[in-house]
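Structure at a glance
Here's the letter readout for the chains.
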Amino acid sequence: MTESDFTKFFLLETSLENITPHINEPKPAVEKQPAADAKIIPLPEPGLLPDVPVNFLELAELRASVRQYNEASISLQQLSFLLWCTQGIKMVLPEGITIRNVPSAGASHAFETYLLIQRVDGLEPGLYRFLAVDHALEAIKLGENIIDEVYPFFTSKKMVQTSAVTFLWAADYKRMAYKYSMRAMRYLYLDAGHVCQNLYLASYVQKLGACAIGSFYDDALNSYLGFDGENDFVVYGASVGKA
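The written sequence of each chain sets the order in which its residues are numbered from 1. In keeping with the predicted nature of the model, local features appear solely for residues at pLDDT of at least 70, side-chain atom pairs appear and are counted solely at 80 or more, and the whole-chain, interface and lining totals rest on all residues. Think of the side-chain values as coming from all heavy atoms in the structure, minus any hydrogens and water.

Some points on the packing of helix H6 (residues 173-180) against helix H7 (residues 184-205)
With axes taken as lines fitted to C-alpha atoms, and helix axes fitted only over the stretch in contact, angles between N-to-C directions fall between 0 and 180 degrees. Where helices and strands are cited, they refer to DSSP runs of H or I of at least four residues and of E of at least two residues respectively, numbered from the N terminus. Between H6 and H7, whose axes approach to 9 Å, the crossing angle comes to 125 degrees. When the interaxial angle is binned, H6 and H7 end up oblique. Remark: the crossing between H6 and H7 carries right-handed chirality. On H7, the residues that touch Tyr173, Met176, Ala177 and Tyr180 of H6 are Ala184, Met185, Tyr187, Leu188 and Asp191. Every angle not falling under 35 degrees, over 145, or within 65 to 115 is termed oblique; those three ranges are roughly parallel, roughly antiparallel and roughly perpendicular. Crossing handedness: left-handed means the near helix sits turned counterclockwise from the far one by under a right angle, and right-handed means the same turn made clockwise. Throughout, a residue-residue contact means that at least one pair of heavy atoms, one from each residue, lies within 4.5 Å.

Have a look at this one:
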């Protein structure tokens, strides 16, 4: 979605009169289904990591953006923990609503989490998608050259190039618009902040650094990921690694 498109949406959705639930349309699925021939990789239970005592005041005071990373890898258990904290599903209700570890307008949870993985123990470098329902990964495109294809789409190129993993949160617009219509765009961007803040806090607990990424070339990145830029588009991202 371009900047002009966003402005148009924002102006249209400022009135509460634009909340018109799409009750006569099929409710969107809680997540996109993986490709029929996709390689699915189960993730370890996040609870397998040792318990870490957390002082909330310390957590709030010391949380900070970390933009420089060393070449150390992170463990698959740590990645599982980060994914659980940011988009993990605690419960699926009968009406197809998910209760997760972050708040979302109307429990819409309209994000799909994509991962540019470079250094995660046990995983081949490449592009993956988090399957929240099964707490697993779908391999989208594998190979060490993937990062070279993708990092030019970001203005903070070095952060993406040197991260162990870069999170990309892509919106399924219809999932939010089903309940909130034209006001959906506002809630998508608010929800993105909830998700990214949880990544910061979870990363700190695991002695990892994280930094939000809001500056990227929308059309190029969306096109690379196969998104149309209107119903599906990247909203936010964050790099993670060991400092």
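Thoughts on the sheet that holds strand E7 (residues 165-172)
Any two strands are treated as partners once DSSP identifies two or more bridges connecting them. With antiparallel pairing, the seven strands of this open sheet are ordered in space as E1-E6-E5-E4-E7-E9-E8. Two strands lie at the open edges of the sheet, namely strand E1 (39-42) and strand E8 (209-213), each paired on one side alone. The average angle at which neighbouring strand axes cross in this sheet is 30 degrees, direction not considered. As paired elements, strand E4 (residues 111-117) and E7 share seven bridges and run antiparallel to each other. Its bridge partner being in E7, Leu116 is matched across the sheet by Thr166. Contacts between H7 and the sheet are confined to E4, E7, E8 and strand E9 (232-241), with E9 contributing the most and set at about 15 degrees to the helix.

Read these as layout, nothing more, since geometry by itself doesn't imply function.
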